[in-house]
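An overview of the molecular structure
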Amino acid sequence: NLVPEKTKRKLAKTVDVPADKLLQQDWHGGAREALAVAKTRSDLTWPFAVLGWAAERQGDRATAVKHYITGLTALDTTSDFTENWGRTFPQRTKFVVDRLKELHDAIPPHGLEDDLLKTALESSNSADFFQRVRK
């Protein structure tokens, strides 16, 4: 959406693919691939970020929260490619934490009893989050 029309047309011509096809996002395919990775690598954050974001795009906030909570305990360094997904730049904390803060009202009450999740929701930025987790 941020690519100027002139640039879209030039890029589409260069790669010989219609602009609408070239810049189309395949969230169903992305979610399918993320699910396959999540089944074997639950230690990575990015599959759960993709699954959560895909669920949000479909209006399924409960499933999105479930994926983001799962991604909360995974390795942060694997989510680097999601660092610019935030609506505000730069993101305050890791992507899944920002999304959980945004979807706070969709988190089940028993989920709010989890210390890691409470810590994440109370953090103001990445450094604060990791400092609180260490404590």
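So, a few notes on the structure that sits alongside this text.

1. Topic: the layout of surface pockets
In this structure, the second largest pocket encloses a volume near 180 Å³. Taken together, Gln25, Trp27, His28, Ala31, Leu51, Ala54, Ala55, Arg57, Gln58, Asp60, Thr63 and His67 form the lining of the second largest pocket. Elements represented by at least two residues in the lining of the second largest pocket include exactly α3 (27-40), α4 (46-57) and α5 (61-72). Here the element with the most residues in the lining of the second largest pocket is α4; it accounts for 4 residues. For the lining of the second largest pocket, a count of residues per class yields 5 nonpolar, 5 polar and 2 charged.

2. Description of the nonpolar core
Across soluble globular proteins, nonpolar side chains show a tendency to be buried alongside one another. Ranked by size, the top nonpolar core spans 25 residues in total, and within it Leu51, Tyr68, Leu72, Val97, Leu100, Ile107 and Leu117 carry the most contacts. Sorting elements by how many residues they give to this core places α4 first, with 7 residues. Leaving out residues up to four positions away in the same chain, Tyr68 has contacts with Phe48, Ala49, Gly52, Trp53, Glu56, Phe95, Val96, Arg99, Leu100 and Leu103.

3. Concerning the pattern of salt bridges
Using the criterion set out here, one finds 6 salt bridges in the structure. Of the charged contacts, one joins Arg41 and Asp43 as a salt bridge, the two residues approaching to 2.8 Å between their closest N and O atoms. Ionic pairing is found between Glu122 and Arg132, a salt bridge with its closest N-O pair at 3.5 Å. Of this pair, Glu122 sits in helix α7 (residues 115-122) while Arg132 sits in helix α8 (residues 126-134), placing them 10 residues apart in sequence.

4. Points about the side chain of Ser123
Take Ser123: it is sitting in the loop between α7 and α8. There is a polar contact of 2.7 Å between the side chain of Ser123 and the backbone oxygen of Ala120.

5. Considerations on α4
Taking 1.5 Å of rise per residue, the 12 residues of α4 would be expected to cover 16 Å, and the 16 Å separating its terminal C-alpha atoms lies within 8% of that figure. Summarising burial for α4: 10 of the 12 residues are buried, a large majority. Residues Pro47, Phe48, Ala49, Val50, Leu51, Gly52, Trp53, Ala54, Ala55 and Glu56 constitute the buried set of α4. For α4, the elements touching its buried residues are α3, α5 and α6 (95-102). Looking at the residues trailing α4, positive phi occurs at Gly59, about 85°.

The rules behind the values
- Residues numbered from 1 in each chain as written.
- Predicted model: local features only at pLDDT ≥ 70, side-chain atom pairs only at ≥ 80, totals over all residues.
- Heavy atoms only, no water.
- 1 Å grid on protein atoms, 1.4 Å probe; cavity = no way out; pocket = protein on both sides within 12 Å on 5 of 7 lines; lining within 4 Å.
- Points joined across faces, edges and corners; volume = space filled by probe spheres on them.
- Helix = DSSP H or I, 4+ residues; strand = E, 2+ residues; numbered from the N terminus.
- Nonpolar A, V, L, I, M, F, W, Y, C, P; charged D, E, K, R; others polar.
- Core = buried A, V, L, I, M, F, W, Y, C linked by side-chain atoms within 4.5 Å.
- Buried < 20%, exposed > 50% of the residue type's maximum accessible area, 1.4 Å probe, protein only.
- Contact = heavy atoms within 4.5 Å.
- Salt bridge = Lys/Arg side-chain N within 4 Å of Asp/Glu carboxyl O.
- Polar contact = N/O pair within 3.5 Å; in protein donor to acceptor, adjacent residues only side chain to side chain.
- Expected span 1.5 Å × (residues − 1).

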